[in-house]
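Architecture and fold: a report
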Amino acid sequence: MTQPITIRRARPEEAPDLSDLALRAKAHWGYDDAFLAACREDLAVQREDIVAGCVWVGERAGAPVGFIAVRIEGGVAELGSCFVDPAVIGSGVGRVLWETVEGVARAAGVDAIGLDADPYAEGFYLAMGAERVGAAPSGSIPGRMLPRMVKRLV
């Protein structure tokens, strides 16, 4: 039987390890070293975001297996990161993390979650009930456009 996933707030000292997890998760989709190097800064988890309470970690058997970063801005919850360790992709970690995003948004009284998705993750977000509403420029790759998605909570 698979161990349950628990969710907790990230700790500031975990920023480097969570940043590494994000890069491993991105690399899972076959991106080359140059692409990953260009994304490194954009994918880095900031201690300030952790201290501000914006980052949550999913753990299984006491080990981090994924994380999310979400901010409430202008009445919308904006998902900045959602990464799952490649070793557990497909095991339900992503769904538990997404349910956490929805819970954070609902607790804040907002009625939508916005996000810019990696193209490989678009199917996951569609399965979670989000819809594609346009495109947004990548923060790290000039000229690259990402699916802009929204999940309405009402």
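Scroll up to find the structure this text is about.
Residues numbered from 1 in each chain as written. Predicted model: local features only at pLDDT ≥ 70, side-chain atom pairs only at ≥ 80, totals over all residues. Heavy atoms only, no water.

Another point: the pairing of strand β5 (residues 112-116). For β5, a buried count of four out of five residues is recorded, marking the element as mostly surrounded by other parts of the structure. As paired elements, strand β4 (residues 76-84) and β5 share three bridges and run parallel to each other. Residue pairing across strands places Glu-78 opposite Gly-114, the latter belonging to β5. In the sheet, β5 pairs with strand β7 (residues 145-152) via five bridges, with the strands oriented antiparallel. (Buried < 20%, exposed > 50% of the residue type's maximum accessible area, 1.4 Å probe, protein only. Helix = DSSP H or I, 4+ residues; strand = E, 2+ residues; numbered from the N terminus. Pairing = 2+ DSSP bridges.)

Attention now moves to the packing of aromatic side chains. Tallying each qualifying case throughout the model produces six aromatic pairs. Ring centres 5.6 Å apart and planes at 75° place the aromatic pair Tyr-31 and Tyr-120 in the edge-to-face group. With a gap of 89 residues between them, Tyr-31 in the loop between α1 (15-27) and α2 (33-43) and Tyr-120 in the loop between β5 and α5 (122-127) connect regions that are remote in the sequence. Judged by relative accessible area, Tyr-31 falls into the buried class, the value being 15%. On the numbers, 5.2 Å between centres and 70° between planes, the contact of Phe-124 with Tyr-125 is edge-to-face. Of the aromatic side chains, those joined through ring pairs into one cluster are Trp-29, Tyr-31, Phe-35 and Tyr-120. (Phe/Tyr/Trp six-rings, centres within 6.5 Å; stacked < 30°, edge-to-face > 60°.)

For the rest of this paragraph, the subject is α1. Over its 13 residues, α1 extends 18 Å from the first C-alpha to the last, a length consistent with the 18 Å expected when each residue adds 1.5 Å. Every buried residue of α1 is listed here: Ala-15, Leu-18, Ser-19, Leu-21, Ala-22, Leu-23, Ala-25 and Lys-26. Turning to α1, the residues buried within the fold contact α2, α3 (47-51), β2 (55-60), β3 (63-73) and β4. (Expected span 1.5 Å × (residues − 1). Contact = heavy atoms within 4.5 Å.)

Moving on, we come to the pattern of salt bridges. Where charged atoms from two side chains of opposite charge approach closely, those side chains can pair. One pass over the full model with this rule turns up 14 salt bridges. One salt bridge connects Glu-122 with Arg-132, and the closest N-O pair in it is separated by 3.5 Å. With a gap of ten residues between them, Glu-122 in helix α5 and Arg-132 in strand β6 (residues 131-137) connect regions that are remote in the sequence. The class for Glu-122 is buried, based on a relative accessible area of 16%. Since its relative accessible area comes to 45%, Arg-132 is described here as partly exposed. One salt bridge in this structure joins Glu-131 and Arg-152, with 3.4 Å as the shortest N-O distance. Taken together, the residues Glu-131 in strand β6 and Arg-152 in strand β7 connect sequence positions 21 residues apart. Look at Arg-152 and you get partly exposed, because its relative accessible area is 48%. Ionic contacts of the salt-bridge type, sharing partners, join the residues Arg-8, Arg-11, Glu-13, Glu-14 and Glu-59 into one network. (Salt bridge = Lys/Arg side-chain N within 4 Å of Asp/Glu carboxyl O.)

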